[in-house]
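# Coordinates in review
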Amino acid sequence: MILEALGSALLGLALAWATAHRLGHRLPSRTLVLATGAGGALMGAFIAHTALGPGRSAMTLAGAVIVAAALLSLLLRPDRRLRRRQLTA
C-alpha cells in the first residue's frame, strides 16, 4: 500500500510537471499545479484501491493517473486566441 501511494504521488508529480511544462501559459502557478497533480493522484489511488481491493497495483496506479489528469484539466484556462468576440445586436 505504501509503494502504491509513493508510486501514485510520483506519477502525479510527473504528470503535473509535464502539463506545466507543455501548457504553462494556460495554467495558474506551478506550485498549485504540482500540488494538484500529486493530491489528485493520491486521491485516485485511494479510490481505486478501495474499489478494487489489494493486489491490483497496476489498476490502482491507472486510477491515480486518471484522477490526476482530470483534476489538472480543471485548472486549464481558455486560450486567448480561441476566444470569440461577442457581437451585440
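Everything that follows concerns the structure shown earlier in this document.
Heads up: these notes are all about the structure in this document.

The rules we used
- Residues numbered from 1 in each chain as written.
- Predicted model: local features only at pLDDT ≥ 70, side-chain atom pairs only at ≥ 80, totals over all residues.
- Heavy atoms only, no water.
- Helix = DSSP H or I, 4+ residues; strand = E, 2+ residues; numbered from the N terminus.
- Contact = heavy atoms within 4.5 Å.
- Areas by Shrake-Rupley, 256 points an atom, 1.4 Å probe, with all protein chains shown as cover.
- Axes fitted to C-alpha atoms, helices over the stretch in contact; angles between N-to-C directions.
- Parallel < 35°, antiparallel > 145°, perpendicular 65-115°, else oblique.
- Left-handed = near helix turned anticlockwise from the far one by under 90°.
- Nonpolar A, V, L, I, M, F, W, Y, C, P; charged D, E, K, R; others polar.
- Expected span 1.5 Å × (residues − 1).
- Buried < 20%, exposed > 50% of the residue type's maximum accessible area, 1.4 Å probe, protein only.
- Arc of directions from axis to C-beta.
- Core = buried A, V, L, I, M, F, W, Y, C linked by side-chain atoms within 4.5 Å.
- Polar contact = N/O pair within 3.5 Å; in protein donor to acceptor, adjacent residues only side chain to side chain.

When you go through the chain residue by residue, the secondary structure sums to 3 helices and 0 strands. Start at the N end of the chain and walk to the C end: the helices and strands fall as α-α-α. Considering only residue pairs separated by 6 or more positions, the chain has 71% of its internal contacts joining residues 24 or more positions apart. Of the roughly 6500 Å² that the chain leaves accessible, carbon and sulfur atoms contribute 67%.

A separate point is the packing of helix H2 (residues 30-52) against helix H3 (residues 57-75). Interaxial distance between H2 and H3 falls to 7 Å at its minimum, and their mutual angle equals 140 degrees. Between H2 and H3, the crossing angle belongs to the class labelled oblique. Seen from above, H2 lies across H3 with right-handed handedness. Of H3, the residues touching H2 (which contributes Leu32, Val33, Thr36, Gly37, Gly40, Ala41, Met43, Gly44, Ala45, Ala48, His49 and Leu52) are Met59, Thr60, Gly63, Ala64, Val67, Ala68, Leu71, Leu72 and Leu75. In terms of residue class, the contact of H2 with H3 is made up of 14 nonpolar, 7 polar and no charged.

Turning to the side chain of histidine 49, a few remarks are in order. Note that histidine 49 resides in helix H2. With residues up to four places along the chain from it excluded, the contact list for histidine 49 reads Met1, Glu4, Pro54 and Thr60.

What follows concerns H3. Counted at 1.5 Å a residue, the expected span for H3 with its 19 residues is 27 Å, and the 28 Å between its end C-alpha atoms agrees. Every buried residue of H3 is accounted for by Thr60, Gly63, Ala64, Ala68, Leu72 and Leu75. All buried residues of H3 project into a common sector of 165 degrees when viewed along the axis, lining one side. Across from the buried face of H3, at angles greater than 90 degrees, the exposed residues are Ala58 and Ile66.

Moving on to the nonpolar core. By size, the foremost hydrophobic cluster in this structure holds 6 residues: Ala16, Ala20, Leu27, Val33, Leu72 and Leu75. Of all the secondary-structure elements, those providing two or more residues to this core are helix H1 (2-22) and H3.

On to the environment of serine 8, then. Position of serine 8 relative to the elements: it lies in helix H1. Separated by 49 residues in sequence, serine 8 and serine 57 place their C-alpha atoms 9.9 Å apart. Non-local contacts of serine 8, meaning those with residues more than four positions away in its chain, are made with Ala41, Leu42, Ala45, Leu61 and Ala64. A distance of 2.9 Å separates the side chain of serine 8 from the backbone oxygen of alanine 5, its partner in a polar contact.

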